[in-house]
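# Survey of secondary and tertiary structure
Listed below are the residues making up each chain.
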Amino acid sequence: MRAYVAKGINSADPLSVFSYILDHPEPTVLATDTTVLVRIAYAGVNPADLQYVNGQYEHAPAHPMPRFPSPMGVEGAGVVARVGSKVSRFKPGDHVMGLHRRLDEGTFAEIASFEEDELALKPPGVCWQVAAATPVAGVTALSALLCCKVLKAAYEGMAPAHSRSESTACGDTHAAAGPLGLAAAGAPSPVKSVLILGASGGVGSFSVLLAKHFFHIPLVLATCSARNAQYVQQLGADVTIDYTGEDVEQRALQEAQQFAGAAATTCTSPAAEVPACAAVQSQCDSPRKSKPKLDLIIDNVGGSEHMSMACRLLSAAGLYVTSVPLADPQDSSLSSVLSFFVNLGVKKLQHKVAY
């Protein structure tokens, strides 16, 4: 089969280890009873694909190295070709999307090997390209939002709607899905405001989409450059903040205060409906005890300065979630692990904020 294969590790020139070959052996042996072989239609590209061959994960136990030479690629979408004897969720011919926990027989090839729990049915109406690019960034963004206990509880309370996927062209909406998220369940979002740092990247884009259109958070603030502002607004951000020319902290605090003021006005208006009032009751009970702040911050940029800013912007019960570890994620040494928790503890003591 055709495949884009990495032959080894080269930290000086990682791209030099890749080769496009026409006769790479097809994976024909099922590794386990729950293995699924997928004929790949499209593969997603991620930083991890390069990090594996430049040596960043070479000594990290949590990131098993592939057996070189091997096709790279951690995510993709395609058609199920063969399933193991204990696979119950998929059958040959199903349209699926998924991500690897390892890179052996990766998605940069015509056929890739997955475990059953690494796959999901491709939703109707979603084209192959979007499906292939969704798993890594989408799951990371969803995981970040679900770190918030109230969002996780609401998410787990939703009744999932599963349906068999059909072949669709990109942009085809004849099989569009119905209402999504909390709105479909008839419940207001328990989180009223979120700031997403680095909103125009992969994880940031999905964070905006999920926050606004799935969890229906009323105030979604997003940082990006001015050239990406329109794109992030189209994703669903209520306010975009140009981190290259604005004071992010001051602007975010200003928007939070304006939002709280508008909510309080709605709550005290004689014509206000009861559900709207109930949705912002916590802000109306003590509107002037302290300046309104944010409920949730998702950091896709990293750095101690962003953590410090987040601490000042969050309410007393606010949550800060970062996809960029304080310690080097490739350094598995004890000192590196300890430094992460020491830094986290110091920040908590300095700012008295619950993470």
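With that settled, the discussion passes to the overall build of the protein chain. Counting its regular elements, the protein chain contains 12 helices and 13 strands. Looking at the 355 residues of the protein chain, the share that counts as buried comes to 44%. When contacts within the protein chain are restricted to residue pairs at least 6 apart in sequence, those whose partners lie at least 24 apart make up 66%. In the structure as shown, the protein chain presents an accessible area of about 18,100 Å², 57% of it carried by carbon and sulfur atoms.

Together, Tyr4, Tyr20 and Leu22 line one region of the surface with nonpolar side chains, adding up to about 360 Å² of accessible area. Among the secondary structure elements, Tyr20 is positioned in strand 2 (residues 18-21). Residue classification places Tyr20 among the exposed residues on the basis of a relative accessible area of 52%.

With 74% of its residues at a pLDDT of 70 or more, the protein chain shows a mean pLDDT of 80. Across residues 268-289 the pLDDT falls below 50, and counting only partners more than four positions away or on other chains, this stretch makes 14 contacts in the model.

Here we come to the sheet that holds strand 6 (residues 95-99). With respect to topology, 5 strands assemble into an open sheet ordered 7-3-5-6-8, the strand pairing being antiparallel. Each edge of the sheet is formed by a strand with only one pairing partner; in this case those strands are strand 7 (111-115) and strand 8 (119-121). Neighbouring strand axes in the sheet, compared pairwise and without regard to direction, differ in orientation by 45° on average. Sheet topology places strand 3 (residues 35-44) next to strand 5 (residues 75-83); 8 bridges connect them, and they run antiparallel. What sits directly across from Val38, in strand 5, is Val80. Where helix 3 (residues 135-146) meets the sheet, its contacts fall on strand 5 and strand 6, and the angle it forms with strand 6 comes to roughly 65°.

Once that is clear, we can look at the packing of helix 3 against helix 4 (residues 149-156). Where helix 3 contacts helix 4, the two axes come as close as 7 Å, and the packing angle between them is 115°. It follows that helix 3 is roughly perpendicular to helix 4 by the angle criterion. Judged by residue contacts, Leu142, Leu145 and Leu146 of helix 3 engage Leu151, Lys152 and Tyr155 from helix 4.

With that out of the way, let us pick up the nonpolar core. In this structure, Leu145, Leu151, Val208, Ile217 and Leu296 are the most contacted members of the largest nonpolar core, which totals 30 residues. Mapped onto this core, the elements with two or more residues apiece are helix 3, strand 9 (193-197), helix 6 (202-214), strand 10 (219-224), helix 7 (229-235), strand 12 (294-299) and strand 13 (314-322). In this structure, Leu145 is in contact with Leu151, Ser207, Leu210, Ala211, Phe215, Leu296 and Ile298, ignoring residues within four places of it in sequence. Counting 18 residues, the second largest nonpolar core, distinct from the first, contains Ile241, Met309, Leu313 and Tyr320.

Bridge analysis of strand 5 against strand 6 gives 5 bridges, and the strand direction is antiparallel. Directly across from Val79, in strand 6, lies its bridge partner His95.

Here the focus is unusual backbone geometry. Glycine aside, a negative phi is what most residues show, and trans is what most peptide bonds show. In this structure, Pro69 follows Phe68 across a cis peptide bond, with omega equal to -5°. Within the element layout of this structure, Pro69 appears in the loop between helix 1 (47-51) and strand 4 (70-71). The residue His216 is not glycine, and still its phi comes out positive at about 55°. Along the chain, His216 turns up in the loop between helix 6 and strand 10. His216 gets classed as partly exposed once you look at its relative accessible area, which sits at 31%.

Calculation rules
Once a new chain begins, its residue numbering starts again from 1 and follows that chain's sequence as written. The model is predicted, so local features are restricted to residues of pLDDT at least 70 and side-chain atom pairs to those at 80 or more, both for listing and for counting; the totals for chains, interfaces and linings are taken over all residues. Note that water and hydrogens are dropped before the side-chain values are worked out from all heavy atoms of the structure. In this description a helix means any DSSP run of H or I spanning at least four residues, a strand means any run of E spanning at least two, and both kinds are numbered starting from the N terminus. Exposure is judged per residue with a 1.4 Å probe applied to protein chains only, and the accessible area is read against the type maximum: over 50% gives exposed, under 20% gives buried, and values in between give partly exposed. Working rule for contacts: check all heavy atoms of both residues, and any pair within 4.5 Å makes them a contact. Per-residue accessibility takes into account occlusion by the displayed protein chains alone, with areas from the Shrake-Rupley method and a 1.4 Å probe. Every patch collects residues that have over 30% relative accessible area and no salt bridge, joining them within 9 Å if they carry like charges and within 5 Å if they are nonpolar side chains (Val, Leu, Ile, Met, Phe, Trp, Tyr). By salt bridge we mean one thing: a side-chain nitrogen of Lys or Arg within 4 Å of a carboxyl oxygen of Asp or Glu. As a per-residue measure, pLDDT tells how confident the predictor is, with possible values from 0 to 100. At least two bridges found by DSSP between two strands is the condition for calling them paired. Throughout, an axis means a line fitted to C-alpha atoms (over the contacting stretch in the case of helices), and angles, computed between N-to-C directions, take values from 0 to 180 degrees. Between 65 and 115 degrees an angle is taken as roughly perpendicular, under 35 as roughly parallel, over 145 as roughly antiparallel, and anywhere else as oblique. For this analysis, a nonpolar core means a set of buried residues of the types Ala, Val, Leu, Ile, Met, Phe, Trp, Tyr and Cys, connected via side-chain atoms within 4.5 Å.

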